[in-house]
Structure formats: structure tokens, C-alpha cells
Amino acid sequence: MCQPPDWSLGDKYLRENAPELKAIVDKYSPCTRKPKAEEQYFRILLSGIIAQQLPPEVSEQLMKKLDALVGLPVKPEVVINTSDEALCDIGISAQKVGYLKGFAKAIVDGSIDFGKFPEMTDSQITKQLLQVRGLGQWTIEMFLLLALCRTDVCPSADFIFKKQLQKLFKLNEIPKRGQINKLTEHWRPWRSLAVWYLWLNASETNN
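A short tour of the structure in this document, coming up. Along each chain, residue indices are assigned from 1 in the same order as the chain's sequence is written. With pLDDT at 70 or above as the cut-off, local features in this predicted model cover only qualifying residues; side-chain atom pairs require 80 or more to be listed or tallied, and sums for whole chains, interfaces and linings still use all residues. Hydrogen atoms and water are omitted, and side-chain values are computed over all heavy atoms in the structure.

Brief notes about unusual backbone geometry
Then, number 1: Of the consecutive residues Leu72 and Pro73, the connecting peptide bond is found in the cis state with omega at -5 degrees.
Then, number 2: Relative to the assigned elements, Pro73 resides in the loop between helix 4 (56-70) and helix 5 (76-81).
Then, number 3: Note that the residue after Arg188, namely Pro189, is joined by a cis bond; omega there is 5 degrees.
Then, number 4: Looking at where Pro189 falls in the secondary structure, it is placed in the loop between helix 11 (177-183) and helix 12 (191-206).
Then, number 5: At Cys149, a position not held by glycine, the phi torsion is positive, near 55 degrees.
Then, number 6: Its location among the elements puts Cys149 in the loop between helix 9 (137-147) and helix 10 (159-168).
Then, number 7: A positive phi angle, close to 55 degrees, is found at Lys170, a residue other than glycine.
Then, number 8: By definition, any uninterrupted DSSP run of H or I lasting at least four residues is a helix, any uninterrupted run of E lasting at least two residues is a strand, and each is numbered from the N terminus. Among the structural elements, Lys170 can be located in the loop between helix 10 and helix 11.

Describing the nonpolar core
Then, number 1: Put simply, a nonpolar core is a bunch of buried Ala, Val, Leu, Ile, Met, Phe, Trp, Tyr and Cys residues held in one set by side-chain atoms that sit within 4.5 Å of each other. We call a residue buried when its accessible area falls under 20% of the maximum for its residue type, exposed when it is over 50%, and partly exposed in between, using a 1.4 Å probe and counting protein chains only. By size, the foremost hydrophobic cluster in this structure holds 61 residues, and its most contacted members are Phe103, Phe117 and Trp187.
Then, number 2: Among residues more than four places away in sequence, those in contact with Phe117 are Tyr41, Ile112, Ile125, Gln128, Leu129, Phe143, Leu148 and Arg150. Note on definitions: a residue-residue contact is assigned when non-hydrogen atoms from the two residues lie within 4.5 Å.

Remarks on the pattern of salt bridges
Then, number 1: Here a salt bridge means any side-chain nitrogen of Lys or Arg lying within 4 Å of a carboxyl oxygen belonging to Asp or Glu. Applying the stated criterion across every chain yields a total of ten salt bridges.
Then, number 2: Residue Lys101 pairs with Asp84 through a salt bridge whose shortest N-O separation is 2.8 Å. Of this pair, Lys101 sits in helix 7 (residues 94-108) while Asp84 sits in helix 6 (residues 84-89); the two residues are 17 residues apart in sequence, bridging distant segments of the chain.
Then, number 3: Using a relative accessible area of 37% as the deciding quantity, one classes Asp84 as partly exposed.

Examining the side chain of Thr139
Then, number 1: Here Thr139 is to be found in helix 9.
Then, number 2: When sequence neighbours within four positions are dropped, the list of residues in contact with Thr139 reads Leu45 and Gly48.

Brief notes about the packing of helix 8 (residues 122-129) against helix 9
Then, number 1: For helices, the fitted line uses only the C-alpha atoms of the stretch in contact; every axis is such a line through C-alpha atoms, and the angle between N-to-C directions lies from 0 to 180 degrees. At a minimum axis separation of 10 Å, helix 8 and helix 9 run at an interaxial angle of 140 degrees. Judged by the angle between their axes, helix 8 and helix 9 are oblique. Crossing of helix 8 against helix 9: the hand is right-handed. Residues Asp122, Ile125, Thr126 and Leu129 of helix 8 form the contact with helix 9, whose participating residues are Ile140, Phe143 and Leu144.
Then, number 2: A breakdown of the residues in the contact of helix 8 with helix 9 according to their chemical character gives five nonpolar, one polar and one charged. For this classification, under 35 degrees means roughly parallel, over 145 means roughly antiparallel, 65 to 115 means roughly perpendicular, and everything else is oblique. Note: crossing handedness is left-handed where the near helix turns anticlockwise from the far helix by less than a right angle, and right-handed where it turns clockwise. We call Asp, Glu, Lys and Arg charged. Ala, Val, Leu, Ile, Met, Phe, Trp, Tyr, Cys and Pro are nonpolar, and the rest, Gly among them, are polar.

Here's what the structure looks like:
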């Protein structure tokens, strides 16, 4: 498993370079997120495929059923060897079954090698994973930020983050990708940390 970043350096950087975030950093630091183990990557990304266009509680139930069917840790070889019918029977659509098996085959044939991810840039990982049918921008950004703990991910497809930006910068509308990049440019190379604190802030505000 990769070593976690020194998030305290990010706290210091954001306090000094992003005054609009200082109160939020002071409130929620220190960040305790740690990278996930490599053996978890496949399941994490599978869950992203399954979760598309489904309520969170439904996708969570499907993942529990998948775990029970194929065992933990979820391995690509087992997914490939599980019949389409068995996967459909637990509630996964035929289209997503195809996506899951396609992804599993890409792992088995070496088209995607999780072992190389530590040496790859965010953009290289994103480019590789976008070739997998069923994996979209949001899922990959969440994987980079939450599973790999990359320090400079700006999830412009995430609605909660965009709403927090709108509130933080007192914008009339929810910002789009280009505007988001401009607004957060001075947060580099610690945008992931800022996003994490903004998520925590949103969670507390909504409870």
C-alpha cells in the first residue's frame, strides 16, 4: 500500500495561499485519509460501474450481493468465470455485466496493471481507465482522490463539490469545469485536501 501524503503540508499551504479556505481547514484538519490497499482497487472501481444511475442504497445492496456471490477480495478471474445469468440474478443489468467482465478481462490480460499506478501520473491513470466501458470521469476522480489519495484532484463532475464552490465564492450559478479550474488554481498542488474539507463541511451543514 502506498504511503499517505503528509497532509499537514497541505494544511499549511492552503492556510497561506487560500484565505477563503482557512476557516474550513482550521475546523476540519488534520486529514486522516490513507490510500486503500491495491487488492481493493478492482472492487472499488466495479462499485463505480454498478452505481451508475442508481440510488446509493441500491448500489450498496448490489455490491453486498456481488461480494456474497464471488467472495472477498473480489478478483477479476472470478468475475470472468461467474455466469452472466448469475450476475443478472442478483440484480445487475445485462449491460453492466458486460462492463464488469470487460473490465475484469482488461486486468487479467494486463491492459490495466494496478501495480504500475504508483509510478503513473493522474492523467495517465485517467486515460487508461477511461478506456474501460462503464467507467466515467466522476468514478475515476473519486478513485484517484479517495482510493489512491492523490493530492491534486479537482472533481469537476462532483455536484456536492460544485455546490460548495458556489457557496464559498458566492457565485450566482453552479460553476462549470473551466471556471472550477480557474477558481481552484491557487489551491494546487493540494486541491484534493481542499475538496475533502469542503465535503466534510457539506456533510455537517446538511445534517
